[in-house]
Amino acid sequence: MNISGNTILVTGGTSGIGRALAEALHSKGNRVIIAGRRQALLDEVTGRNPGMVGIAVDLSDTVAIAKFAESVKRQFPELNVLVNNAGIAGLEDYTAESIDLTRAYSTIQTNITGVVQLSAALLPTLRAQPKSTLIVTTSGLAFVPFPPGPVYSATKAFMHNWLDAIRVQLKKTSVEVLELAPPYVQTELGGPQQASDPRAMPLEDYTSEVIQILESNDIEKGEILVQRVKPLRTAERDGKYQEFLDMFAGMHDE
Ligand SMILES: NC(=O)c1ccc[n+]([C@@H]2O[C@H](COP(=O)([O-])OP(=O)(O)OC[C@H]3O[C@@H](n4cnc5c(N)ncnc54)[C@H](OP(=O)(O)O)[C@@H]3O)[C@@H](O)[C@H]2O)c1
């Protein structure tokens, strides 16, 4: 994709990776729309970035997504980049007497159903542009699961698989399909402690490497992979899958 001159919708633009990407893309000369549930943060981010627009929506609610997509199409018929970045994470304990799946269900709803529904609703708009891009934020955990978070990891593997399939379907259209697979990054996805976890990649470093990759347009097989996530991406091929799985299990036991 071109790094400037686009109209870009970034879901999950109120915090973490989405906010950092939205701000970076705004500063590169794009019209950026952010979406998320927290109105106060939408106001804060758009206030700091004049020209950016914020729209409140709950992307785990199928009725709300349909209304949101209609309103985006009406207000921004020139939309040519959709960044499906909103996501939540959770842990499940399958050794428990009673396994609580409440968070797991909303994770599936937000990370899978919401992304598929919003993409389907906005693809006709993207296809109508001469050059457009559909991006989904997956994770390095799409390639090796984090044992304490089975559903979260599987939602990301699902989206990786889905992206590979729709990329083939959309090959002859104007829509480029990209996967953004971050490594462990300093955000509050897994709780406030993650934002300062020294094992996680600093958010600023992650964002600037992603912008460099987008600017270079050197995106192999449609995957935006910073150096730090590459060992996970190729773990299976490199015979390191079990090693990562054991390491992740150990991280949780610490
Ligand atoms: N940080 C990491 O280590 C890491 C690694 C790999 C992949 N990722 C992925 O990166 C993406 C962004 O996560 P992050 O790390 O930046 O965490 P974050 O700071 O918690 O950001 C999550 C974003 O998603 C939005 N969101 C969540 N549920 C939503 C809903 N129902 N409706 C609308 N928006 C919703 C949140 O906005 P509101 O709360 O305002 O709704 C927030 O802006 C996620 O898809 C995550 O899975 C993160």
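Note that this is a predicted model, so its numbers are computed, not measured.

Conventions we followed
Residues numbered from 1 in each chain as written. Predicted model: local features only at pLDDT ≥ 70, side-chain atom pairs only at ≥ 80, totals over all residues. Heavy atoms only, no water. Axes fitted to C-alpha atoms, helices over the stretch in contact; angles between N-to-C directions. Helix = DSSP H or I, 4+ residues; strand = E, 2+ residues; numbered from the N terminus. Parallel < 35°, antiparallel > 145°, perpendicular 65-115°, else oblique. Left-handed = near helix turned anticlockwise from the far one by under 90°. Contact = heavy atoms within 4.5 Å. Nonpolar A, V, L, I, M, F, W, Y, C, P; charged D, E, K, R; others polar. Core = buried A, V, L, I, M, F, W, Y, C linked by side-chain atoms within 4.5 Å. Buried < 20%, exposed > 50% of the residue type's maximum accessible area, 1.4 Å probe, protein only. Pairing = 2+ DSSP bridges. Near = heavy atom within 4 Å. Areas by Shrake-Rupley, 256 points an atom, 1.4 Å probe, with all protein chains shown as cover.

### Some details on the packing of helix 1 (residues 16-27) against helix 6 (residues 203-216)
Piece 1. One way to put it is that helix 1 packs onto helix 6 with a least axis distance of 10 Å and a crossing angle of 50°. Viewed along their axes, helix 1 and helix 6 adopt a mutual orientation that is oblique. Along this stretch, helix 1 crosses helix 6, giving a crossing that reads as right-handed. Of the residues in helix 6, those touching helix 1 at G16, I17, A20, L21, A24 and L25 are L203, Y206, T207, V210 and I211.
Piece 2. Classifying every residue of the contact of helix 1 with helix 6 gives nine nonpolar, two polar and no charged.

### A word on the nonpolar core
Piece 1. With 34 residues, the main nonpolar core has I34, Y206, V210, L214 and I224 as its most contacted residues.
Piece 2. Once you skip the residues sitting within four places of it in the chain, I224 turns out to touch L178, E179, L180, A181, V210, I213, L214 and I219.

### What to know about the environment of G51
Piece 1. Structurally, the position occupied by G51 is in the loop between helix 2 (39-48) and strand 3 (53-56).
Piece 2. On the accessibility criterion, G51 (49% relative accessible area) is partly exposed.
Piece 3. Setting aside its immediate chain neighbours within four residues, G51 contacts H26, R31 and V32.

### Side note on the sheet that holds strand 4 (residues 81-84)
Sheets are built from strands that pair by backbone hydrogen bonding, the pairs being arranged parallel or antiparallel.
Piece 1. Ordered in space as 3-2-1-4-5-6-7, the seven strands form an open sheet in which the pairing is parallel. Edge positions in the sheet fall to strand 3 and strand 7 (223-224), since each has one partner strand and no second.
Piece 2. Bridge count for strand 1 (residues 7-11) against strand 2 (residues 31-36) is five bridges, and the pairing is parallel. Among the inter-strand pairings, V10 is bridged to a residue of strand 2, identified as I34.
Piece 3. Where helix 4 (residues 102-127) meets the sheet, its contacts fall on strand 1, strand 4, strand 5 (132-137) and strand 6 (175-180), and the angle it forms with strand 4 comes to roughly 170°.

### Quick word on the site of the ligand
Piece 1. Lining the immediate surroundings of the ligand are 30 residues, of which T14, R37, L59, Y152 and T187 lie closest.
Piece 2. Considered on its own, the ligand offers 870 Å² of accessible surface; in the complex 95% of this is hidden by protein.

### Quick word on unusual backbone geometry
Piece 1. A positive phi angle, close to 60°, is found at N217, a residue other than glycine.
Piece 2. Assignment of secondary structure puts N217 in the loop between helix 6 and strand 7.
Piece 3. Of note, K221 is a non-glycine position whose phi angle comes to about 50°, a positive value.
Piece 4. Checked against the element boundaries, K221 lands in the loop between helix 6 and strand 7.

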